[in-house]
Amino acid sequence: MPKGDTISENALFATFGEYERAEMMPTALVRKMRSLPRRFRQARMIARALKSRRHPILAQIIPTRRCNLSCAYCNEYDKVSKPVPAAEMLRRIDRLAELGTGIITFSGGEPLLHPELDELIRRIRSHGCIATLITNGYLLTPERIRSLNRAGLDHLQISIDNVQPDDISKKSLKVLDKKLQWLAQHAEFDVSINSVIGAGVSHPEDALTITRRALELGFDTSVGAIHDHTGQLKPLPAADKAVYDQIQREREPGFWAFAYDNLFQKNLVSGRANEWHCGAGSRYLYICEDGLVHYCSQQRGYPAIPLEKYSATDLEREYSTKKPCAPYCTVSCVHRVAMIDLLREKPREALVRFFPPTTPGAAAQMPFGVKVLSSLFLPAAEGKSQNRAARLMAGAVKRALGVHSARQAR
Ligand code: SF4
Ligand code: SF4
């Protein structure tokens, strides 16, 4: 767009959307159809995680520390590292599968810089795990997207920091919009776009523009609250909070996003500590380029045990280890893993916290589907018994998801 053009960024991206909507429709439908087996595998992964706590739900693994960008706030990249050799990465993936890991996510650095990434994705899928990728999106082309389809990628996430690139970040909608259009046209995997709000973000309204564009292209969205370099939570300024609330209204979050907002995000944007148990090192693992297991990207160095030696004893110990950084933690993927464990350990309390009453003293506002599922799967409340039809239905669903046998429960 020529400098000085009066069209706003919003209008610009809306125009792209109108122009392409007709072409994208069949691809969006195909993506939806192809996602059905994936939904089943995801449901099975969650059911297994609800059944047992003795395996990691999610592991993030680094195929290269190198990145093609240099975001000013980032402490997770360098400019010199070589890709981890494929044979070593395959061993690590096999070990994660042996530990019973449900989802394996590539992160970095920029994982698309790894020359054998597709082979690594195939190996994850060969174990029946879910394969996901966090990328800055710069290296995506139609052919690269199609090769990720062929490899069996399940999910891709791009975090977009601003509408126009600036000195802090080049992960901007202006640069990445063409990549998003290619994803909408060619990706058979799920795509989610994360925007950010909070400390250091100079144009909070950008997050709304990014969310709208992602929704228009048929992608999932999330918004992360970021905080200052001291790690202290501060309430979002009023302008940021208004943008955040507007995003929440427009994105119509599903079950997990809605529950996440109630359980964690509302506190984060208000600057309040969260009360939760962090399962890092057990239910969530971060595997660095040297093959060591760490709690997460922000707590590297603990416990720093080689993955090949990481055992059931380590998983058990870290499940119960209290992490002093938990109250002010903003690592959302570990929060989400903890939600599954809360649901497993205290299902009724979890549902009330996920869907709190809108007025004090009223009943929890559970969606109809959640009420049905809880009547099927939760133990009967004290003094009541579950009826026979519900027991039979629950048994049939559990068998379909493959979570009924002791072998699979781990
Ligand atoms: S693209 Fe990601 S890994 Fe690379 S510098 Fe930016 S935040 Fe860090
Ligand atoms: S609480 Fe957050 S920062 Fe601390 S170890 Fe857990 S995930 Fe990492």
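Residues numbered from 1 in each chain as written. Chains lettered and ligands numbered in written order. Predicted model: local features only at pLDDT ≥ 70, side-chain atom pairs only at ≥ 80, totals over all residues.

A. Seen up close, the overall build of the protein. Broken down by element type, the protein carries 14 helices and nine strands. Across the 410 residues of the protein, 35% fall into the buried class. Expressed as a percentage of contacts within the protein between residues at least 6 apart in sequence, the contacts between residues at least 24 apart total 72%. (Helix = DSSP H or I, 4+ residues; strand = E, 2+ residues; numbered from the N terminus. Buried ≥ 20, exposed ≤ 12 C-beta atoms within 10 Å, placed from the backbone. Contact = placed C-beta atoms within 7 Å.)

B. Helix 2 (residues 86-98), seen in detail. Taking 1.5 Å of rise per residue, 13 residues should cover 18 Å, and helix 2 covers 18 Å from first to last C-alpha, within 8% of that figure. Of all the positions in helix 2, only Met89, Arg92, Ile93 and Leu96 are classed as buried. For helix 2, the arc enclosing every buried residue in end-on projection is 100°, short of the 170-degree limit, so these residues lie on one face. Away from its buried face by more than 90 degrees, helix 2 exposes Ala87 and Glu98. Its buried side turned inward, helix 2 meets strand 1 (58-61), strand 2 (103-106), helix 3 (117-126) and strand 7 (284-287). Backbone geometry just after helix 2 places Gly100 at a positive phi near 90°. (Expected span 1.5 Å × (residues − 1). Arc of directions from axis to C-beta.)

C. Focus on the site of ligand 2. Around ligand 2, the neighbouring residues are Cys278, Ala280, Tyr295, Cys296, Gln298, Gln299, Lys323, Cys325, Ala326, Cys329, Val331 and Val334. By residue class, the composition of the shell around ligand 2 is nine nonpolar, two polar and one charged. (Near = placed C-beta within 6 Å. Nonpolar A, V, L, I, M, F, W, Y, C, P; charged D, E, K, R; others polar.)

D. Inspection of the packing of helix 2 against helix 3 at higher detail. Relative orientation of the contacting elements helix 2 and helix 3 amounts to 20°, with a least axis distance of 10 Å. Between helix 2 and helix 3, the crossing angle belongs to the class labelled roughly parallel. The crossing of helix 2 and helix 3 is right-handed. Seen from helix 2, the contacting residues are Ala86, Met89, Leu90 and Ile93; seen from helix 3, they are Glu119, Leu120, Arg123 and Ile124. For the contact of helix 2 with helix 3, a count of residues per class yields six nonpolar, no polar and two charged. (Axes fitted to C-alpha atoms, helices over the stretch in contact; angles between N-to-C directions. Parallel < 35°, antiparallel > 145°, perpendicular 65-115°, else oblique. Left-handed = near helix turned anticlockwise from the far one by under 90°.)

E. Broad picture of helix 3. Leu117, Leu120, Ile121, Arg123 and Ile124 are the residues of helix 3 that are buried. Projection of helix 3 onto a plane perpendicular to its axis shows the buried side chains occupying an angular sector of 160°, all on one side. Its buried side turned inward, helix 3 meets helix 2, strand 2, strand 3 (130-135) and helix 4 (142-151). After helix 3 finishes, the residue Gly128 shows a positive phi value of roughly 80°.

F. Expanded view of the site of ligand 1. Around ligand 1, the neighbouring residues are Cys67, Leu69, Ser70, Cys71, Cys74, Glu76, Tyr77, Gly108, Gly109, Glu110 and Asn136. Grouping the amino acids of the shell around ligand 1 by side-chain chemistry returns five nonpolar, four polar and two charged.

G. Region of the structure containing the sheet that holds strand 8 (residues 292-294). Spatial ordering of the open sheet is given by 6-5-4-3-2-1-7-8-9, a layout of nine strands whose pairing is mixed. One side of each edge strand has no neighbouring strand; the edge strands of this open sheet are strand 6 (220-226) and strand 9 (303-306). For this sheet, the mean inter-axis angle between neighbouring strands, taken without regard to orientation, is 25°. Here strand 4 (residues 155-160) runs beside strand 5 (residues 190-198); their pairing, made up of six bridges, is parallel. In the sheet register, Gln157 faces strand 5, and the bridge partner there is Ser192. (Pairing = 2+ DSSP bridges.)

H. Inspection of the nonpolar core at higher detail. Counting residues in each nonpolar core, the largest one holds 84 residues, and the members touching the most others are Ile104, Ile197, Ala207, Tyr284, Ile287, Val334 and Val337. Sorting elements by how many residues they give to this core places helix 10 (residues 332-345) first, with six residues. Setting aside residues no more than four positions away along its own chain, Tyr284 makes contact with Pro56, Ile57, Leu58, Gly279, Cys296, Cys333, Val334 and Val337. (Core = buried A, V, L, I, M, F, W, Y, C linked by C-beta atoms within 7 Å.)

Function cannot be read off these values alone, since they describe shape.
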